[in-house]
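# Analysis of the macromolecular model
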Amino acid sequence: MARRWTLPLLLVSALAPSFSLAGLAFENTAIVRTIELGGSLVHVNTAYAVKALEPGQTTYQIALSKVERAKTSWLEVKVKGRTTPLELSEDESSTEHLLSVSLPKPLAVNGTLNLVLETVQTHVTHPFPQQAAQRHPQLLKYNTDLFTISPYTTLVQRTKIKSLAPNVISYTTPHDVDSFVRDGSVTKTGGTITYGPYHDIQTDTDFVAKYQQSVSVHYSFDYPVIEVETLRRTAEISHWGSNLNIEDKIHLHNAGPTLKGHFSRLEYQSQIYLRQQTPHILSDFTLHLPPGVTNAYFYDQNGNVSTSHLRTTPSIAKGSKATQYSVLELRPRYPVLGGWNYSCTIGFDTPLQDSVGYDVKNGIYVVGVPVMTSFPGTVVNDAEVKIILPEGATNVEFVSPFPELSNSMSTHISYLDTVGRPAVSYRVPLSAHLKKAMSVGAAFFTLFAFAFMARRVDLNLHKK
């Protein structure tokens, strides 16, 4: 079974903020947007302090600009302080791009609620300058809109942009906003840039056309900007081996500034010795694997790579929440500089009982297969997962954690197979469990029977 995703999953629609559908059902007493800058990923947390102006309100609408929605890979809305996400739907039929959020209970007039929109943006930073020498720092630039648009009137709003390092090279000072500010339009404290607070914001068409503007932050980032261009995962379920084998074919790309000049191995080794390695050089990376992994391997196009280290954690029962992960530390065959690529294959086994359960009532096996390996702080642009079930599996059904771009069913032929395996609840009859043993037994029986008969056949032309 092959399933294919392209990550980030992007839904793009136009936005011309007329907001005629929202009316005056709510008022935003405050909006606080916090942007945590990174490399290939940027996390955005937007808090809405909502007050109902009409009785019985059950749906609140959040607006996103066309550009913001296009670069948003993942989003979720919660009530502040709770962990359960709220149901939401996206309206792409109109000129606005609205998220309709179902509130946990109707709000009366002047009833209040705090909502939090969490999003992850991808491919929103770029190296500036685009080239850097081997010893130079890595500088990135991020752009966003100054005002958070909303279908409702906002009494006060502010935007905080946070950098991991306090070394912020420059940032934009907004213009023509004096009528909305009281204490200054922008301030900087350490690595945090704060725009606002801005008062009495009505983001209708005229307001956006006159006052909305782009702001940028130029900052230093001390980690490689890594993207996984393609991830091809194969998960093979073996009842005879009692294991789930995972193999990932990974194509990495360093999206940091490209190398200016030539690469010096001597300079690189001296940086490692002095512990002053340039941040845009990827010399090693760490993967989080499931608990209880065994038989891990790591190789690239030239063969096995021995510069790796695996720290395992004990296996946990199916359905239990993992509190610790196995950690695989990898060092590529060569340092990966900005603009360079690296392809490798990683594989490991996990106990089958950690992933597969048996439904006695329906007589089916249910397996949970992880979609991908966790690459901390890294975007995966294109992922494909192929699940190989045991030979003889029937009534195959599958549920995806999110909509896939395509899926297909095929047959995978492996050693000692007879008719091949379907390639994720599934049914496996007893005859399927015995098929491989019977085929091996039949082959050996045929061989011994042939040898037995051959010893008793007299091939001499004349008897002595």
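One structure accompanies this document, and this report is about it. (Residues numbered from 1 in each chain as written. Predicted model: local features only at pLDDT ≥ 70, side-chain atom pairs only at ≥ 80, totals over all residues. Heavy atoms only, no water.)

Attention now moves to the overall build of the protein. From N to C terminus, the protein includes four helices and 34 strands. Evaluated residue by residue, the protein yields a buried proportion of 47% over its 464 residues. Accessible area of the protein: about 24000 Å², with a carbon and sulfur share of 55%. (Helix = DSSP H or I, 4+ residues; strand = E, 2+ residues; numbered from the N terminus. Buried < 20%, exposed > 50% of the residue type's maximum accessible area, 1.4 Å probe, protein only. Areas by Shrake-Rupley, 256 points an atom, 1.4 Å probe, with all protein chains shown as cover.)

Inspection of the entire model under this criterion finds 16 aromatic pairs. Taking 5.9 Å as the distance between ring centres and 65° as the angle between the ring planes, the aromatic pair formed by phenylalanine 263 and tryptophan 340 counts as edge-to-face. Residue phenylalanine 263 is found in the loop between strand E19 (258–259) and helix H3 (265–273), and its partner tryptophan 340 is found in the loop between strand E24 (326–330) and strand E25 (341–351); the two are separated by 77 residues along the sequence. Through a chain of ring-to-ring contacts, the aromatic side chains of Phe147, Phe180, Tyr198, Phe207 and Tyr211 assemble into a single cluster. Cation over ring: lysine 141 sits above phenylalanine 128, and NZ or CZ is 4.0 Å from the ring centre. (Phe/Tyr/Trp six-rings, centres within 6.5 Å; stacked < 30°, edge-to-face > 60°. Lys NZ or Arg CZ within 6 Å of the ring centre and 35° of its normal.)

Next up on the list: unusual backbone geometry. The linkage connecting phenylalanine 128 with the following residue, proline 129, adopts the cis geometry, with an omega of 5°. Examined against the element boundaries, proline 129 turns out to sit in the loop between strand E9 (125–127) and strand E10 (131–132). Within the chain, serine 242 stands out as a residue other than glycine whose phi angle is a positive 55°.

Our next topic: the sheet that holds strand E8 (residues 112–122). Here we have seven strands laid out as an open sheet, ordered E5-E8-E3-E2-E12-E15-E14, and mixed in their pairing. Here the strands that pair on one side only, and so sit at the sheet edges, are strand E5 (72–79) and strand E14 (186–189). Shown here is a sheet whose adjacent strand axes are inclined to one another by a mean of 15°, direction ignored. Where E5 and E8 come together, seven bridges link them in antiparallel fashion. Considered in E8, the bridge of threonine 72 is made with glutamine 121. (Pairing = 2+ DSSP bridges. Axes fitted to C-alpha atoms, helices over the stretch in contact; angles between N-to-C directions.)

Moving on to the sheet that holds strand E6 (residues 88–91). Spatial ordering of the open sheet is given by E4-E7-E6, a layout of three strands whose pairing is antiparallel. With one partner strand each, in any of the chains shown, strand E4 (57–63) and E6 form the two edges of the open sheet. Each adjacent strand pair in this sheet contributes to an overall mean axis angle of 30°, direction not counted. Pairing analysis gives four bridges linking E6 to strand E7 (residues 98–107), with the strands arranged antiparallel. Each bridged residue has a counterpart across the sheet, and for leucine 88 the counterpart in E7 is valine 101.

Let us look at the pattern of salt bridges. One pass over the structure, following the stated rule, counts 10 salt bridges. The shortest N-O distance in the salt bridge between arginine 135 and glutamate 267 comes to 2.8 Å. With arginine 135 in the loop between E10 and strand E11 (139–145) and glutamate 267 in helix H3, the pair connects residues that are 132 residues apart, well separated along the chain. Residue class for arginine 135 comes out partly exposed when judged on its relative accessible area of 48%. Judged by relative accessible area, glutamate 267 falls into the partly exposed class, the value being 21%. Notably, a salt bridge pairs glutamate 247 with lysine 249, separated by 3.7 Å at the nearest N-O pair. (Salt bridge = Lys/Arg side-chain N within 4 Å of Asp/Glu carboxyl O.)

What follows concerns the nonpolar core. Among the nonpolar cores identified, the biggest contains 36 residues, and Ile250, Leu287 and Ile346 are the most heavily contacted of them. Elements represented by at least two residues in this core include exactly strand E17 (226–238), strand E18 (243–254), strand E20 (285–289), E24, E25, strand E27 (364–367) and strand E29 (382–388). Among the elements that make up this core, the one with the highest residue count is E17 (five residues). Beyond its immediate stretch of four places on either side in the chain, leucine 287 contacts Ser326, Val327, Leu328, Leu330, Ile346, Thr373, Ser374 and Phe375. (Core = buried A, V, L, I, M, F, W, Y, C linked by side-chain atoms within 4.5 Å. Contact = heavy atoms within 4.5 Å.)

Moving on: the environment of asparagine 254. Secondary-structure assignment places asparagine 254 in strand E18. When the C-alpha atoms of asparagine 254 and serine 40 are compared, they prove to be 9.8 Å apart, with 214 residues separating the residues in sequence. For asparagine 254, the contacting residues outside a window of four places in its chain are Val225, Ile226, His280, Ile281, Leu282, Val336, Leu337, Gly338, Gly339 and Trp340. A distance of 3.0 Å separates a polar side-chain atom of asparagine 254 from the backbone nitrogen of glycine 256. Only 3.0 Å separates the side chain of asparagine 254 from the backbone oxygen of valine 336, close enough to count as a polar contact. (Polar contact = N/O pair within 3.5 Å; in protein donor to acceptor, adjacent residues only side chain to side chain.)

The values reported here are purely geometric and, on their own, carry no functional implication.
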